[in-house]
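Examination of the molecular architecture
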Amino acid sequence: MTIRPLSQDDLPEVLDIECQGYSFPWSESVFRGCFRPDYRLWALEMCDRLSGYAVVAYMAGEAHLLNLCVAASQRRSGAGRRLLRHLVAESARDGMSQVLLEVRDSNTGAMNLYASEGFSVIGRRPGYYPGGREREDALVMALSFDSRCDSPGPP
Ligand SMILES: CC(C)(COP(=O)(O)OP(=O)(O)OC[C@H]1O[C@@H](n2cnc3c(N)ncnc32)[C@H](O)[C@@H]1OP(=O)(O)O)[C@@H](O)C(=O)NCCC(=O)NCCS
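Residue numbering note: each chain is counted from 1, following its sequence as written. For this predicted model, a pLDDT threshold of at least 70 governs which residues receive local features, and a threshold of 80 or more governs which side-chain atom pairs are given and counted, while totals over whole chains, interfaces and linings are taken from all residues. Values shown for side chains rest on all heavy atoms present in the structure; no hydrogens or waters enter the calculation.

Rule in force here: UniProt positions are given in the numbering used here, feature names are shortened, and annotations may be inferred rather than shown by experiment.
The chain goes by [Ribosomal protein bS18]-alanine N-acetyltransferase in an unreviewed UniProt entry, where it is assigned to Marinobacter azerbaijanicus. The record in UniProt for the chain states the following under Catalytic activity (unreviewed entry): "N-terminal L-alanyl-[ribosomal protein bS18] + acetyl-CoA = N-terminal N(alpha)-acetyl-L-alanyl-[ribosomal protein bS18] + CoA + H(+)". Heading Function (unreviewed entry) of the UniProt record for the chain holds this comment: "Acetylates the N-terminal alanine of ribosomal protein bS18."

In C-alpha cells form, the structure reads like this:
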C-alpha cells in the first residue's frame, strides 16, 4: 500500500469508488472543487491501482475530514486505517489543532474505525444527511492533538 497526493487525473477511478461507497455520491464537480490550496487530497494505491482516497479541508486551524472511501473489493484489509493515520499525521504536521468529521448514525463500520484511532463523539447534527424517506443524523467525531500533548512542561 502506498499513499500519495490525489490528482485530477485520478477522478475517473475516484468516481467509480465513490459510487461503490455511498448512496448519495459526490459529483465530479464537487471533487474538482476540492483541488484548492487549503485542502489535502490523498490517494491510496494497492498493486498500482487506486483503491481509496481521503479529502480533508483545513479551516480555521482545524482539519475537516470530508470524505474517506475505499473500493468495495479492498475493504477490511487495513486501507481505511492507513489513509486515516496518514491524514491525521499530515494534519498534525501542518499545525492543525484537531481532526473533525461527520459520520452517518448508521455507519457503524466507519465509526468503529474512527473510535479505534482515538476519535470521540462530540456532537450530533439532526437530519444532516439525505436518506431514503427521511434524513439521517450525523455524529460529529473529533481527535484533538492538544490532548495528546501530555508531556510535562519545563520546571
Ligand atoms: C469506512 C471505510 C473507509 C473503512 O475502510 P476499510 O479499508 O474497510 O477499513 P479497515 O480495513 O482499515 O478497517 C479498520 C477498522 O474499521 C472497522 N471496520 C471497518 N469496516 C467495518 C465494518 N463493515 N463493520 C465493522 N467494523 C468495521 C473495524 O474496527 C476495522 O478493524 P478490524 O478490521 O481490525 O476489525 C470503508 O468501509 C468505506 O469506504 N465505506 C464506504 C464509505 C464510507 O462510509 N466512508 C466513511 C464516511 S464517514
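Moving on, there is more to tell.
**Observations regarding the sheet that holds strand β7 (residues 136-144)**
For clarity, the threshold we go by: Here, strands pair whenever DSSP counts at least two bridges between them. Secondary structure counts use DSSP, requiring at least four H or I residues in a row for a helix and at least two E residues in a row for a strand, with both numbered from the N terminus. Helix axes use the C-alpha atoms of the stretch in contact, all axes being lines fitted to C-alpha atoms, and the angles between their N-to-C directions lie in the range 0 to 180 degrees. The contact criterion used is simple: two residues touch if any of their non-hydrogen atoms lie within 4.5 Å.
Strand order in the open sheet formed by seven strands is β1-β2-β3-β4-β5-β7-β6, and the pairing between neighbours is mixed. If you trace the sheet from one side to the other, it starts and ends with β1 (2-5) and β6 (120-129), each paired once. Each adjacent strand pair in this sheet contributes to an overall mean axis angle of 25 degrees, direction not counted. Sitting on the sheet, helix α1 (residues 11-21) is in contact with β3 (49-59) and β4 (62-70), with an inclination near 85 degrees to β3. Each of β1, β2 (39-46), β3, β4, β5 (98-104) and β7 is contacted by helix α3 (residues 79-93), which is oriented at about 145 degrees to β2, the strand it contacts most.

**Some words on the pattern of salt bridges**
Pairing is possible between side chains of opposite charge, provided their charged atoms come close. Quick note on the threshold: For this document, the term salt bridge refers to a Lys or Arg side-chain nitrogen within 4 Å of an Asp or Glu carboxyl oxygen. Only protein chains enter the calculation, and the probe is 1.4 Å; a residue is then buried if its accessible area is under 20% of its type maximum, exposed if over 50%, and partly exposed in between.
Scanning the entire structure with this criterion turns up twelve salt bridges. Between Glu-45 and Arg-4 there is a salt bridge, and its shortest N-O distance comes to 3.0 Å. Of this pair, Glu-45 sits in strand β2 while Arg-4 sits in strand β1; the two residues are 41 residues apart in sequence, bridging distant segments of the chain. Overall, the relative accessible area of 25% leaves Arg-4 in the partly exposed class.

**Details of the packing of α3 against helix α4 (residues 108-116)**
Going by this rule: Oblique is the label for any angle not covered by the other classes, which are roughly parallel (under 35 degrees), roughly antiparallel (over 145) and roughly perpendicular (65 to 115). Should the near helix be turned anticlockwise from the far one by less than a right angle, the crossing is left-handed, and should it be turned clockwise, the crossing is right-handed. Only Asp, Glu, Lys and Arg are considered charged in this grouping, and only Ala, Val, Leu, Ile, Met, Phe, Trp, Tyr, Cys and Pro are considered nonpolar; every other residue, Gly among them, is considered polar.
Contact pair α3 / α4: the axes reach a minimum separation of 11 Å and the direction vectors enclose 45 degrees. For the element pair α3 / α4, the angle class is oblique. As for the relative orientation of α3 and α4, their crossing is right-handed in sense. Contact with α3, carried on its side by Gly-80, Arg-81 and Leu-84, involves Leu-113, Tyr-114 and Ser-116 of α4 and no other residues of that element. Split into classes, the residues belonging to the contact of α3 with α4 amount to three nonpolar, two polar and one charged.

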